[in-house]
Amino acid sequence: MNTAGDGLDLRPFHGVRYVPERIGSLAAVTSPPYDVVVRPDGLLHLESADPHNIVRLILPQATEPQERNDLAAATLDRWLAEGVLAPDPEPALYVYEQRNGDMLQRGLIGALRLSDTSEGLVLPHEDVMPHVVEDRAGLMRTAAANLEPLLLTYRGNGSATGATAVIERAVHRPPLLATTTEDGYSHRLWSITDPAEQQQINADLAAHQALIADGHHRWATYLRLRTEHASPTPWDYGLVLLVDTARYPLRVRAIHRLLNRLSIDQALATARAHFRVREVPGPLPQAMEALAGAAADGNAFLLTGRDDTYHLLDRPDPALLRRTIPTDRPEAWRTLDATVLHSTLLGHVWGIPEDSPADIAYIHDTEATVEKARRDDGTAVLMHPVREEVVRELARQGVTMPRKSTSFGPKPATGLVLRTLTDD
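Residues numbered from 1 in each chain as written. Predicted model: local features only at pLDDT ≥ 70, side-chain atom pairs only at ≥ 80, totals over all residues. Heavy atoms only, no water.

What follows covers the sheet that holds strand 17 (residues 310–314). Read from one edge to the other, the open sheet built from six strands follows the order 15-17-16-19-14-18, with strand pairing classed as antiparallel. This sheet does not close on itself; its edge strands, each paired only once, are strand 15 (276–280) and strand 18 (360–363). Going across the sheet, the axis of each strand differs from the next one's by a mean of 25°, ignoring polarity. Its contacts with the sheet place helix 10 (residues 284–295) against strand 14 (256–259), strand 15, strand 16 (300–304), strand 17 and strand 19 (379–382), and it is angled at close to 155° to strand 16. Contacts from helix 14 (residues 366–376) reach strand 14, strand 16, strand 17, strand 18 and strand 19, with the element oriented near 160° to strand 19. (Pairing = 2+ DSSP bridges. Helix = DSSP H or I, 4+ residues; strand = E, 2+ residues; numbered from the N terminus. Axes fitted to C-alpha atoms, helices over the stretch in contact; angles between N-to-C directions. Contact = heavy atoms within 4.5 Å.)

Once that is clear, we can look at the environment of His-208. Its location among the elements puts His-208 in the loop between helix 7 (195–205) and strand 11 (210–214). For the pair His-208 and Gly-7, spaced 201 residues apart in the sequence, the C-alpha separation amounts to 6.8 Å. For His-208, the residues in contact, after removing those within four places along its chain, are Leu-8, Tyr-154, Arg-155 and Gly-156. Polar side-chain contacts of His-208 include one of 3.3 Å to the side chain of Asp-204. (Polar contact = N/O pair within 3.5 Å; in protein donor to acceptor, adjacent residues only side chain to side chain.)

Looking now at unusual backbone geometry. The omega torsion across Ser-231 and Pro-232 is 0°, close enough to zero to call that bond cis. Topologically, Pro-232 is positioned in the loop between helix 8 (216–227) and strand 12 (237–244). Residue Pro-283 is bonded to the preceding Gly-282 through a cis peptide linkage, with omega at 5°. Among the structural elements, Pro-283 can be located in the loop between strand 15 and helix 10. Of note, Arg-315 is a non-glycine position whose phi angle comes to about 50°, a positive value. By the element assignment, Arg-315 lies in the loop between strand 17 and helix 11 (318–324). Take Arg-315: its relative accessible area is 58%, and that puts it in the exposed class. Phi angles above zero are rare outside glycine, and Lys-404 is one such case at about 55°. Mapped onto the secondary structure, Lys-404 falls in the loop between helix 15 (388–396) and strand 20 (407–409). (Buried < 20%, exposed > 50% of the residue type's maximum accessible area, 1.4 Å probe, protein only.)

One pass over the structure, following the stated rule, counts four aromatic pairs. Look at Trp-219 and Tyr-222: their rings are 6.3 Å apart centre to centre, the planes differ by 65°, and that puts the pair in the edge-to-face class. Separated by three residues within a single helix, Trp-219 and Tyr-222 lie in helix 8, roughly one turn from each other. For the residue pair Trp-219 and Tyr-222, the accessibility class agrees, reading buried in each case. Here Arg-136 stacks its cationic end above the ring of Tyr-34, 4.0 Å away from the centre of that ring. Against the face of Trp-333 rests Arg-329, its NZ or CZ located 4.6 Å from the ring centre. (Phe/Tyr/Trp six-rings, centres within 6.5 Å; stacked < 30°, edge-to-face > 60°. Lys NZ or Arg CZ within 6 Å of the ring centre and 35° of its normal.)

Moving on: the nonpolar core. Membership of the largest hydrophobic core comes to 119 residues, with the highest contact counts inside it found for Phe-301, Leu-313 and Trp-350. Here this core takes seven residues from helix 13 (residues 337–350), the largest share from any one element. Once you skip the residues sitting within four places of it in the chain, Leu-313 turns out to touch Leu-268, Ala-271, Phe-275, Arg-276, Val-277, Asn-299, Ala-300, Phe-301, Leu-303, Leu-345 and Trp-350. Counting 16 residues, the second-largest nonpolar core is a separate cluster that includes Leu-284, Ala-287, Ala-368 and Ala-373. (Core = buried A, V, L, I, M, F, W, Y, C linked by side-chain atoms within 4.5 Å.)

Across the protein, the average pLDDT comes to 93, with 98% of residues at or above 70. This model gives residues 1–5 a pLDDT under 50, and the stretch forms 14 contacts once residues within four places in sequence are excluded. (pLDDT = per-residue confidence, 0-100.)

On to the packing of helix 4 (residues 65–82) against helix 5 (residues 130–143), then. Two numbers describe how helix 4 lies on helix 5: the axes approach to 8 Å, and their chain directions differ by 35°. Every pair of crossing elements has a handedness; the one defined by helix 4 and helix 5 is right-handed. Between helix 4, through Gln-66, Arg-68, Asn-69, Asp-70, Ala-72, Ala-73 and Leu-76, and helix 5, the contact on the second element is made entirely by Asp-135, Gly-138, Leu-139, Thr-142 and Ala-143. When the residues that make up the contact of helix 4 with helix 5 are grouped by side-chain class, the tally is five nonpolar, four polar and three charged. (Left-handed = near helix turned anticlockwise from the far one by under 90°. Nonpolar A, V, L, I, M, F, W, Y, C, P; charged D, E, K, R; others polar.)

Right, let's get into the side chain of Glu-97. Checked against the element boundaries, Glu-97 lands in strand 4 (residues 93–100). For Glu-97, a relative accessible area of 2% translates into the label buried. Among the polar contacts made by the side chain of Glu-97, one reaches the side chain of Arg-106 at a distance of 2.8 Å. Leave out the neighbours within four places in its chain, and Glu-97 touches Leu-104, Gln-105, Arg-106, Val-171, Ser-186, His-187, Arg-188 and Trp-190.

On to the pattern of salt bridges, then. If you walk through the whole model with that rule in mind, you get 28 salt bridges. Between Arg-106 and Glu-97 there is a salt bridge whose closest N-O contact spans 2.8 Å. With a shortest N-O distance of 3.0 Å, Glu-97 and Arg-188 are connected by a salt bridge. Of the two residues, Glu-97 sits in strand 4 while Arg-188 sits in strand 10 (residues 186–192), which places them 91 residues apart along the sequence. The exposure class of Arg-188 is partly exposed, given its relative accessible area of 26%. (Salt bridge = Lys/Arg side-chain N within 4 Å of Asp/Glu carboxyl O.)

Within the secondary structure, Ala-267 is located in helix 9 (residues 264–271). According to the relative accessible area criterion, Ala-267 is buried, its value standing at 0%. When the C-alpha positions of Ala-267 and Leu-313 are compared, they lie 11 Å apart, and in sequence the two are 46 residues distant. If sequence neighbours within four positions are ignored, Ala-267 has contacts with Leu-262, Leu-303, Trp-350 and Thr-379.

What follows is the structure in structure tokens.
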């Protein structure tokens, strides 16, 4: 195995997995990542799918934060004691595959040695919200477990060598598990227990740096919890999925904003003085095409609220941008839609604090954002995605994008493999 400082160091661990005989179906106990679950509707749907759905661990329901954390820890302990969950007998790295139509993603799940950004091994590209890190830290600390892997990417040479060769040999063997979730994605998992293959993986990964594609708050949580424990301990490592995007490209989507206390009429009235505002025809897919067309020429946002109308905001006032956009960042950062949204629209035009959950919610699903805006008389701000090469280049320069700027996917399903720190 690699020693500290040699590069990416992915360690095998005793994966904790559901015991098939103790659950209704594997698909019924899985969940999207915690921050993708649209609450309360999505949460209730998952809780009712199976009494052992993983959402009861990642989003426990109680009034007070510590009560929630204690509930998750007690539930995890009970499921282990009852044999609903059980650790694999041998420490392993895991090959994870997702497939949907012509989309194929494969990667490696393991316990990655944590590193500070200054080491240049794992690069963040987004800022984080302190209250979310606090929430996740409380949960992980109390449960003593990494309940879901975050998603990291690296760029190999695109050929079936090194770690990729191990992956593509593994997929010809019978999998540990296979299931298809209700979103149409099939999931398969294999274990890599051969020390020679594990070494082949690490020898390859030692030459690469990784980009955090999804899970900035969980990575920040890992780093925070590491400082609370004297090394060496299992807290020096965190559960990740590593994907070589040269071999298995990811999709990059936008994360939308829901302005809970700003009506569409208020939003449009104040924006008209600074942006061109046009009504564009629906339905939603057609309106999103109009957004894509406008985004090709500059900053653009699609707004909708209580009724079935869509409004395109583009051509921001250059003088306003000069006054509101910080000048100490690269041009690629200053012209990001998320930068203009947070610095100009939220910060200046609408006067909305970006760190106030009462005022703004971040939602991955486009239709869910629109539906909630109409139901709650808020404003949905729909975004156009950023290209992966822009994200990676800014990360290499040490420049973080505004929070929740990107949604890389497909994201790993939560519940297929967990890591308990007491057993690792």
